[in-house]
Amino acid sequence: MKRSIILLYVLLTGLVAGCSTTRVVLVPDPQGNVGEVVVSTLTGSKTLNQSGQSVAAGAYLLPPEKTIVMTQASIDARHGETLAFEPVPPQSYLFYFLHDSVELTENSATQLPEAISRINQRESCDMVSAGHTDSLGDPAYNVQLSYRRAKQIKALLNGRGIAAKCIEIISYGENAPLVKTGNNVSQQKNRRVELLIR
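So, a few notes on the structure that sits alongside this text. (Residues numbered from 1 in each chain as written. Predicted model: local features only at pLDDT ≥ 70, side-chain atom pairs only at ≥ 80, totals over all residues. Heavy atoms only, no water.)

## What about unusual backbone geometry?
Phi at E123 is positive, roughly 55 degrees, even though this residue is not glycine. By the element assignment, E123 lies in the loop between α2 (106-122) and β8 (127-131). Positioned with a positive phi, N184 is a non-glycine residue whose angle comes to about 60 degrees. One can find N184 in the loop between β9 (167-171) and β10 (192-197). Exposure remark for N184: the relative accessible area of 51% places this residue in the exposed category. (Helix = DSSP H or I, 4+ residues; strand = E, 2+ residues; numbered from the N terminus. Buried < 20%, exposed > 50% of the residue type's maximum accessible area, 1.4 Å probe, protein only.)

## Here we look at the packing of aromatic side chains
This model, assessed by the stated rule, comprises one aromatic pair. Taking the centre distance of 6.5 Å and the plane angle of 25 degrees together, the rings of Y93 and F95 count as stacked. Across the pair, exposure class does not vary: Y93 and F95 are buried alike. (Phe/Tyr/Trp six-rings, centres within 6.5 Å; stacked < 30°, edge-to-face > 60°.)

## Topic: a nonpolar patch on the surface
Together, L42, Y60 and L61 make up an exposed nonpolar region whose accessible area comes to about 380 Å². By the element assignment, Y60 lies in the loop between β5 (53-57) and β6 (68-69). A residue is classified by how much of its surface remains accessible, and Y60, at 55% relative accessible area, is exposed. (Patch = residues over 30% accessible without salt bridge, like charges linked within 9 Å, V, L, I, M, F, W, Y side chains within 5 Å. Areas by Shrake-Rupley, 256 points an atom, 1.4 Å probe, with all protein chains shown as cover. Salt bridge = Lys/Arg side-chain N within 4 Å of Asp/Glu carboxyl O.)

## Observations regarding the pattern of salt bridges
Considering all chains together, one arrives at two salt bridges under this definition. A salt bridge links D126 to R198, with the nearest nitrogen and oxygen atoms 3.0 Å apart. Taken together, the residues D126 in the loop between α2 and β8 and R198 in the segment after β10 connect sequence positions 72 residues apart. On the basis of relative accessibility, which here comes to 42%, the residue R198 falls in the partly exposed class. Across the salt bridge formed by R191 and D134, the nearest N and O atoms sit 2.8 Å from each other. Remark: D134 occurs in the loop between β8 and α3 (139-158) and R191 occurs in the loop between β9 and β10; sequence separation between them is 57 residues. A relative accessible area of 7% means that R191 is categorised as buried.

Printed below as a string of structure tokens:
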């Protein structure tokens, strides 16, 4: 079973008789998904799989304490300063291309200003332009085509003031389709570049 990404943070909540106590609080990721985590000592374990669940564990010879569910208000009051330092999640944009071309589709071309605005807003100098193709044609040619597409997005961004040194290029060819197809199948959604802004 595939697990969603979780945001988990561990806080040292105090010292008791020379042993530290660690509190684990499970909070959702930016999309609201909650995964699962198991907190274990030598003598027991507790599974957290609900937003706000929390458990403390002290000495490794004692089992974890009773699981509690914290409200968002109590999490913010108790751990707000820690959560304030949480990194901003990456932003992703998909740009689609015409068949056997480095020319953007009309809809994708209209997304470019929004992506540039987001890059400037985040003051990012850590981006990846990852090129892809559909499975139509020769696989070696598709690797080259996906590279040219990724390079095209980099050039378009650079032409609008984004430093080229901040954009890494990756070429996947037909190896990472958005829509799985058989060989030699034309699929618009696979002819794309994913721009990841960190």
